[in-house]
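# Structure assessment
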Amino acid sequence: MCGIVGAVAERNITAILLEGLKRLEYRGYDSAGVAVFTNDGTLERTRRVGKVSELDAALAEHPLVGRLGIAHTRWATHGAPNERNAHPHFSGDIAVVHNGIIENHEALREQLKALGYVFTSDTDTEVIAHLLTHKLKDLHDLTVALKATVKELHGAYGLAVINARQPDRLVAARSGSPLVIGLGLGENFLASDQLALRQVTDRFMYLEEGDIAEIRRDNVQIWDVSGNPVERQTVQYSDGAEAADKGEFRHYMLKEIHEQPTVVQRTLEGRLSNDQVLVQAFGPQAAELFAKVRNVQIVACGTSYHAGMVARYWLEELAGIPCQVEVASEFRYRKVVVQPDTLFVTISQSGETADTLAALRNAKELGFLASLAICNVGISSLVRESDLTLLTQAGREIGVASTKAFTTQLVGLLLLTLSLGQVRGTLAKGVEARLVEELRRLPTRLGEALAMDSTVEKIAELFAEKNHTLFLGRGAQFPVAMEGALKLKEISYIHAEAYPAGELKHGPLALVDNDMPVVTVAPNNELLEKLKSNLQEVRARGGELIVFADEKAGMTNGEGTHVVQMPHIHDILSPILYTIPLQLLSYYVAVLKGTDVDQPRNLAKSVTVE
Ligand code: F6R
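Described below are features of the structure shown in this document. As the structure is a computational prediction, the values presented were derived from the model and not from experiment. (Residues numbered from 1 in each chain as written. Predicted model: local features only at pLDDT ≥ 70, side-chain atom pairs only at ≥ 80, totals over all residues. Heavy atoms only, no water.)

## Brief notes about the environment of Ser-175
Position of Ser-175 relative to the elements: it lies in strand β8 (residues 169–175). Along the sequence, Ser-175 and Glu-25 sit 150 residues apart, while their C-alpha atoms lie 23 Å from each other. With residues near it in sequence (within four places) discarded, Ser-175 still touches Gly-155, Ala-156, Tyr-157, Glu-209 and Gly-210. (Helix = DSSP H or I, 4+ residues; strand = E, 2+ residues; numbered from the N terminus. Contact = heavy atoms within 4.5 Å.)

Here it is in structure tokens:
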């Protein structure tokens, strides 16, 4: 997704801007650009399609040297990913970078064209640049013009703007797209994510919705949504540089898969007593609120949505609470009927996913009992705007395909299930105590599953030449199959579909032949025999089976059937364990296919636009 970096300093800022863009690369993008007010007194820019390294190379050939600048990585929404559409966009003396989407850009474009402005790109952003220039004609001051401009914008934006006529400042506006100011000594910075600025500062000021900021070398001024001057709290980080290297691993994704025992352990830390979940982990008012909960509505996107789907099985089975799960992009535009005393739960790795945030904002108008965010980023918008929070402790996830965020979300959702069951008295004490014990053992079990790495790597060879695959699961393993299919399509570009195994004969069986491998997960539970019959249906049509089966499930290799034995685990925790081999499988298939594993094509890490 798009990234913003800006700087105003006494030294040359081009290298700082480039380093910032590199640190945002993991979010996914298709072009990059930088605009600098040069020491020669001119506003200049360089833009390139492709990686930041292309931009770097271009700047090495024709350096831009200056003390004020803005930079951007673009993930195309309006207009193809080409140099013309890459940011920064210019209008007269103005340069603009923008994250988000301006919904009324067409109407504004027509008005501006009628006033004589000439458009050189297909983007919604260029509208902002011209509108600012137009406002400046009467208002003369960049900050004042920006305040007037944003009043006419509908949609979402994080904006950074510079003006060659006022080269002492960088101005910014936030509405729907995060922005943070990095505070230095005699120099200040701006970015869409603090990670971009960790090389220059550890002190940050987060802009809030509707804020406008004027950032000079030695001074930062902020106005809130009503135009009143405000102070925003300064946050200081002391954790040093976050581990951002791959260590012994070839890709971030593999590193993050292998981190799962550790991060699951961290997500459990301080949240379990001897035999119970500590309900206060969800916040001081959680126990009182949870006692009132009669329904749960979960909303999320992508992998986080799959975590929500697993939670539905848990919430209904263990806590006896009716639960609905919906993707955020649907929920936010639907007329929703809210049952009394429904807890609204969002799940998100980033906490900045536009659809999930919008769904939360809508939910606030709809009469839910309270909102809870299960999120990996403590300083995210989702966390700030929710009543209750449970932070997953996955650490920074760099691979675009989510792995450790998913398993830690599942742990968080199981803690939620047990807490609701405990507070409402619907879960027997003995059952909770047993599951707490199993949760404590989970990191070890995950380690055992990871030890099968090389076995899964061999299995991956079966997929290298295939174009289609089917993933099957029953019960809470159905969402695990969905997540397995999503991982495979995201990073190997092989078409993968997931079905509840019982649905096979209602249609997808027609697709099965020896070119369509079928992957399934088979824990040893009451659905095992039914699953085995479904697998017979596949074999009878010549389909090749890859089965990750509990060591006690009595399944063995046979013609066209490859069985990988999995460590035995309590059935409730099996969705967490069985996710691991599916992640490894998609990883090794992608490596065989030679794709860009950590930054798959067309995808972004944090989807901050609709
Ligand atoms: C898939 C993936 C995406 C995200 C989705 C939601 O591997 O990463 O499907 O899960 O974009 O993102 P968050 O969890 O940040 O809201």
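From this point, the discussion proceeds with the structure in view.
## Some remarks on the site of the ligand
Close to the ligand lie 15 residues, the nearest being Ser-304, Ser-348, Gln-349, Ser-350 and Thr-353. At a separation of 3.1 Å, an oxygen atom of the ligand approaches a polar backbone atom of Thr-303. Ser-348 is positioned with one of its side-chain polar atoms (N or O) 2.6 Å from an oxygen atom of the ligand. Considering the ligand on its own, with 400 Å² of exposed area, one finds that the protein chains cover 91% of that surface. Among the elements of the structure, α9 (302–318) and α16 (477–492) are those that each provide at least two residues to the shell around the ligand. Partitioning the shell around the ligand into residue classes produces five nonpolar, eight polar and two charged. (Near = heavy atom within 4 Å. Polar contact = N/O pair within 3.5 Å; in protein donor to acceptor, adjacent residues only side chain to side chain. Areas by Shrake-Rupley, 256 points an atom, 1.4 Å probe, with all protein chains shown as cover. Nonpolar A, V, L, I, M, F, W, Y, C, P; charged D, E, K, R; others polar.)

## Looking at the environment of Gln-260
For Gln-260, the position within the fold is in helix α7 (residues 260–268). Judged by its relative accessible area of 0%, Gln-260 is buried. For the pair Gln-260 and Phe-406, spaced 146 residues apart in sequence, the C-alpha to C-alpha distance is 9.7 Å. For Gln-260, the contacting residues outside a window of four places in its chain are Thr-403, Lys-404, Thr-407, Leu-446, Ile-580 and Gln-583. At 2.8 Å, the side chain of Gln-260 and the backbone oxygen of Ile-257 are in polar contact. (Buried < 20%, exposed > 50% of the residue type's maximum accessible area, 1.4 Å probe, protein only.)

## Some details on the packing of aromatic side chains
Here the structure, examined in full by the defined rule, presents five aromatic pairs. An angle of 45° between the planes, with centres 5.4 Å apart, marks the rings of Phe-331 and Phe-344 as tilted. With Phe-331 in helix α10 (residues 328–331) and Phe-344 in strand β18 (residues 342–348), this residue pair connects regions lying 13 residues apart in the sequence. Since its relative accessible area comes to 1%, Phe-331 is described here as buried. Centre to centre, the rings of Tyr-587 and Tyr-588 are 4.9 Å apart; their planes meet at 75°, and the pair counts as edge-to-face. Summarising the burial analysis for this pair, Tyr-587 and Tyr-588 share the class buried. Linked through ring pairs, Phe-331, Phe-344 and Phe-368 together constitute an aromatic cluster. The ring of Trp-223 has Lys-147 sitting right over it, with the charged end atom 3.6 Å from the ring centre. Between Arg-601 and the ring centre of Tyr-493, over which it is positioned, the NZ or CZ distance is 3.8 Å. (Phe/Tyr/Trp six-rings, centres within 6.5 Å; stacked < 30°, edge-to-face > 60°. Lys NZ or Arg CZ within 6 Å of the ring centre and 35° of its normal.)

## So, the pairing of strand β20 (residues 388–391)
Burial of β20 is one-sided: the residues Leu-388 and Leu-390 facing one way are buried, the residues Thr-389 and Leu-391 facing the other way are not. Sheet analysis places strand β19 (residues 370–375) next to β20, joined by four bridges and oriented parallel. The partner of Cys-375 across the bridge, within β20, is Leu-391. (Pairing = 2+ DSSP bridges.)

## A short note on the sheet that holds strand β3 (residues 43–49)
With antiparallel pairing, the eight strands of this open sheet are ordered in space as β3-β2-β4-β1-β10-β9-β11-β15. For this open sheet the edge positions go to β3 and β15 (234–236), each flanked by a neighbour on one side alone. Taken over all neighbouring pairs, the strand axes of this sheet differ in orientation by 20° on average, direction set aside. Sheet topology note: the strand β11 (residues 203–206)/β15 ladder contains three bridges and is antiparallel. In the strand pairing of β15, Arg-203 is matched with Gln-236. Helix α1 (residues 14–23) rests against β1 (3–8), β2 (31–38), β4 (66–74) and β10 (188–191) of the sheet, and its axis sits at about 20° to β4. Packing of helix α2 (residues 52–61) onto the sheet brings it into contact with β2, β3 and β4, and relative to β3 it is tilted by some 135°. (Axes fitted to C-alpha atoms, helices over the stretch in contact; angles between N-to-C directions.)

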